[in-house]
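# Summary of structural features
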2 protein chains.
Amino acid sequence: MNEQSPRKTYHHGDLRQTLIAAAEEELAEKGLEAFSLRGCAKRAGVSHAAPAHHFKDADALLSALAAEGFDRLRVSMTTAMARAEGGLEDKFVASGVGYVDFACANPALFHLMFGSRRPDHEHPPLSDAGGSAFGVLTGNILAMTGRDYATDPAAGEDVIAAWAMVHGLSELLIGDKLHLPEGMPREAFVSLISAIIRRSGPRA
Amino acid sequence: MNEQSPRKTYHHGDLRQTLIAAAEEELAEKGLEAFSLRGCAKRAGVSHAAPAHHFKDADALLSALAAEGFDRLRVSMTTAMARAEGGLEDKFVASGVGYVDFACANPALFHLMFGSRRPDHEHPPLSDAGGSAFGVLTGNILAMTGRDYATDPAAGEDVIAAWAMVHGLSELLIGDKLHLPEGMPREAFVSLISAIIRRSGPRA
DNA sequence: TTTCGATGTTGACAATGGAAAGATTTCTGG
DNA sequence: CCAGAAATCTTTCCATTGTCAACATCGAAA
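Residues numbered from 1 in each chain as written. Chains lettered and ligands numbered in written order. Predicted model: local features only at pLDDT ≥ 70, side-chain atom pairs only at ≥ 80, totals over all residues.

## Considerations on the overall build of chain A
Just so we agree on the cut-off: A helix here means a DSSP run of H or I that spans at least four residues, while a strand means a run of E at least two residues long, and both kinds are numbered starting from the N terminus. A residue is called partly exposed when the number of other C-beta atoms within 10 Å of its own lies between 12 and 20, exposed at 12 or fewer, and buried at 20 or more, with C-beta atoms placed from the backbone. Contacts here follow a simple rule: the backbone-placed C-beta atoms of the two residues must lie within 7 Å.
Tallying secondary structure elements over chain A gives 8 helices and 0 strands in all. Along chain A, helices (α) and strands (β) appear in the sequence α-α-α-α-α-α-α-α when read from the amino end. Oriented by its inertia axes, the alpha-carbon framework of chain A measures out at about 60 × 45 × 30 Å. With 204 residues in all, chain A has 43% of them scored as buried. For chain A, the share of sequence-separated contacts (at least 6 apart) that also reach a separation of at least 24 residues comes to 64%.

## Concerning the environment of A:Ala129
Residue and element names in this part refer to chain A. Position of Ala 129 relative to the elements: it lies in helix H6 (residues 124-145). C-alpha of Ala 129 to C-alpha of Ala 66: the two residues are 63 residues apart in sequence and 8.8 Å apart in space. Dropping the residues within four chain positions of it, Ala 129 is found in contact with Ala 67, Phe 70 and Asp 71.

## Focus: the domain arrangement of chain A
Residue and element names in this part refer to chain A. To keep it simple, the criterion reads: The split into domains, and so the bounds of each, comes from an automatic or database assignment of domains. Ten residues, namely Ala, Val, Leu, Ile, Met, Phe, Trp, Tyr, Cys and Pro, are considered nonpolar, four, namely Asp, Glu, Lys and Arg, are considered charged, and the remaining ones, Gly among them, are considered polar.
Looking at the assigned domains, one finds that chain A contains domain 1 (15-53) and domain 2 (58-200). The straight-line distance from the C-alpha centre of domain 1 to that of domain 2 is 26 Å. Contacts between the two partners involve 11 residues from domain 1, matched on the other side by 11 residues from domain 2. Ranked by residue count, the leading element in the side of domain 1 that touches domain 2 is helix H1 (residues 15-30), at 6 residues. By residue class, the composition of the side of domain 1 that touches domain 2 is 9 nonpolar, 1 polar and 1 charged.

## Section: the interface of chain B and chain A
Across the contact, 26 residues belong to chain B and 26 residues belong to chain A. Going through the elements one at a time, helix H5 (107-115), helix H7 (155-174) and helix H8 (186-200) of chain B are the ones with two or more residues in the side of chain B that touches chain A. Taken together, the residues of the side of chain B that touches chain A sort by class into 12 nonpolar, 8 polar and 6 charged.

## Focus on the relation of the copies chain B and chain A
For the record, the criterion: Least squares is used to superpose the copies, and the fit set is the C-alpha atoms of residues whose pLDDT is at least 70 in both copies.
Least-squares fitting of chain B to chain A yields an RMSD of 0.0 Å, with the superposition described by an axial translation of 0.0 Å and a rotation of 180°. The superposition operator between the copies reduces to a two-fold rotation axis. By C-alpha distance to the rotation axis, the residue of chain B lying nearest is B:Gly168, at 1.8 Å. When the interface residues of chain B are mapped onto chain A, 100% of them again lie at the interface, so the same face is used by both copies.

Listed below in C-alpha cells is the structure:
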C-alpha cells in the first residue's frame, strides 16, 4: 500500500489530486497531531518539496482536503435521507444519522473540518462546501416548519439546536467519551441516536 | 508579561506549577497547533530541557493542563447552578450554560480537553477530573428523573442528549460556525442557549 | 560536613516545514 | 519544426522543535 513503484515519467501527471488522497491516508493513520507534509509526499512518491508547486503550504493542502470532507459529509446526509422512509421528520432524523455516521467513519477528517484552525475556513472552495452541507440542514428545517433560515430569524433556534445535537453526538462518539456497550448492534445504535436527534428537532 | 527577570536562585522553586500556567498562556495565545514546549520553558524562564524533570514529555504537560481544565469546567458548571434561581430544571439548564461559558472563555483549552489525542485521557489525574465534571451532569439527571446513570441504563439517553447538546453548542460557538448577531447582548445569548439546552432535557 | 538525589543547563541529534536554486519536461509562439 | 518560456520536480540548505545524554548546582538527610 505504501510502496511506490518509481514512476516512469519525470512529471507525475496528477500530483495535486494524488496529494489530497495521500493527505487523507496520512491523516487517518497518524491523526492531525502527527500529520506530516513530508509523509504525504512520500506516499505520493515525490520529493518532499514537490507539494509546494501545488499547495502554498501544508495548511493549504489541509484546506483542500477539508473541502472534500464537507462534500462527502453533505453526500452522507442526503443519501441517508434518500434511504429513509416516513415523513419529513424521519428524513430530518436520517440526515442527522448520516452526519454522525460520517463523523464516526472519518474521525480525523471530521476533526480537521471542525476542530482545527489549520485550514483556511474563509477560502471559497472550503467555505462553499461547508455552506452546502449546512444547506441540507436548513432545507430540512424549512420543509418541516415553513421557516427559512436565510430570511426568518425565528428559524435560528431550530437550526442551531439540531446542528448542535448531531455535532455534539459526533464529537463525543469520536472522542470515545460515551462508553456505549461493547458490541452494540448497528440497529440499536441507530435507534438510540435517532431518538436523541428527534429531541432536538422543531416542536411539533 | 513575557519578560523574565533572571531568577536569583539556581532552582526555580515551583517550576511544575509555573510550567502548567505557562502552558496555558502558550496554548491560549498560539493555539494547540502551534503549541511549543520550548515556548513554555521560555515563558517560565528556564532552559528548554528543564521541563523534562517535571513532565516526561510535552504530552504529559498537556495532560496535567487538561486535568486542570476539567476541574475548572466542573467549577464553572456548579457555580452557575448555585447562582441559578428556580427549580431542578433551571439548575440543570444553568449548568449547561456554565459548560458553554467555560468553552467560550477557554477555547484552546477546551479543544485540548475534548478534541485532542495528545493528553493521556486514561491517566487518573485526568480521567478523574473528567469524571467529576461528568458527575455534575449525571447528578442533575438523577435529581430530575430519579434515575441513576450508574445503575439505570434508562438514564443513558437523557444524559447523552444533554451532554451532546451543550457540547455541540460549545464546539460550534468556538469554531465560529454559528454567526450570531455581532453585538448580541449577554442576556439574549443566555436566553437563546438556555432555550436550546432545555430542549435536550428529560421529558417532563 | 559530606554525599546524593533532585533540579537545572548545555550541547547534540533527527524530523519537520519552508525557501532557493538547479534539472527536466511540456507548452507556446514564431 | 524549433527555441524560449513556463510548469513541474529534485536537491540543498536553514531555522525550529522534541528528546536525549552529559554535566553543573543546590538542598536535605545521614
